Amino acid sequence: MRVLRGLVVTFSKPTRVLSRAHATLTQRSFAETFGQQNRKCPLCGFFQSGDLLSPVSRRGSAVGVNVRTMAAFGGRDDDFIFRQLLDYKSFTYTYLLADRTTSDAVLIDPVVEMVNRDMQVVKDLGLNLIFAANTHVHADHITGTGEIKKKLPGCKSMIADVSGAKADVKLKHGDTIKFGKFELECRNTPGHTDGCMTFVWHQKSMVFTGDAILIRGCGRTDFQQGNPQNLYDSVHKQILSLPRHFMLFPAHDYTGQTMTTVDEELKYNPRLSKPKSDFVKIMKELTLPYPKQIDKALPANMVCGAYDLPAEATTN
Ligand SMILES: [Fe+2]
């Protein structure tokens, strides 16, 4: 097992991030981006129909759940910092994790257009960003790791070795990412892509799943080495085998929800709660459009975003 450890720098007073506006924006932007009539997400194939939303969402109380959740995670009395940051164009969640005492921080799945925002949050919180990690080679957006490294040369990019992509640190199954007194366990979870990796924060019962499992869904398996059998095995062996209270934080959500749990997905995931043969049939019968960003995202993400980007891609 390798342990990746960063430097210790400064500490300053934290700020808060509002999640109510974020959830509202998510709902509005889906309609603007994909059209009122198109209720099937082109990225994951999940229907946005009210029939398939969770009872919590249908009652319109999901925002309240989010606010409570964020308040708990960002609580000033605790020893860690957690921020869930949304890119409202690709519906990607970027996660900022930090040790409140040492200020060491890790960013998971940054998006290039949102790097200025992310860097401002890091600065406001007085954090020392030591790692910027990608859960996989994304097809729907360009990673922000290349731009972050330009702004913070001491920050190291990370991605799974299996992905074949370039990065400062090539992660292997079983590696541990250290930041302050905390650590993330790296678990290979192939199936959406060969190089998908899930990060498990055992100390806080939090899991960052990338696209392996989404809230009541999962990543598509029809391109980028996608394989539904592998995805089913990965999710059940590496994620849904964790304690049932563990909280799952996906790379995307298109319904305004922010997290789920192992218990919920074992019970309610309309694909992954089924037997493997049923899951494979469901995934093979999905008819999904070609991702809009894939032709420019894949080449850029294979070099971890260190790429000759168009100017508009780096402004927000
Ligand atoms: Fe993906």
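Reference entry: report on the structure contained in this document. (Residues numbered from 1 in each chain as written. Predicted model: local features only at pLDDT ≥ 70, side-chain atom pairs only at ≥ 80, totals over all residues.)

Right, let's talk about the environment of D194 for a bit. Here D194 is to be found in the loop between β9 (182-188) and β10 (197-201). Sequence spacing of D194 and G164 is 30 residues, and the spatial spacing of their C-alpha atoms is 9.3 Å. With residues up to four places along the chain from it excluded, the contact list for D194 reads V162, S163 and Q225. (Helix = DSSP H or I, 4+ residues; strand = E, 2+ residues; numbered from the N terminus. Contact = placed C-beta atoms within 7 Å.)

Turning our eyes to something else, we now look at helix α9 (residues 294-301). Of the residues making up α9, those classed as buried are A297, A300 and N301. The buried residues of α9 occupy one face: seen down the axis, they fall within an arc of 90°. (Buried ≥ 20, exposed ≤ 12 C-beta atoms within 10 Å, placed from the backbone. Arc of directions from axis to C-beta.)

Turning our eyes to something else, we now look at unusual backbone geometry. A positive phi angle is found at S103, which is not glycine, with a value near 75°. The topology assignment puts S103 in the loop between β3 (92-99) and β4 (104-108). The class for S103 is buried, based on 23 C-beta atoms found within 10 Å. Not every positive phi belongs to a glycine, and Q225 is a case in point at roughly 60°. Examined against the element boundaries, Q225 turns out to sit in the loop between β11 (206-210) and α6 (228-239). A count of 17 C-beta atoms within 10 Å places Q225 in the partly exposed class.

Honestly, it's all geometry; don't read function into it.
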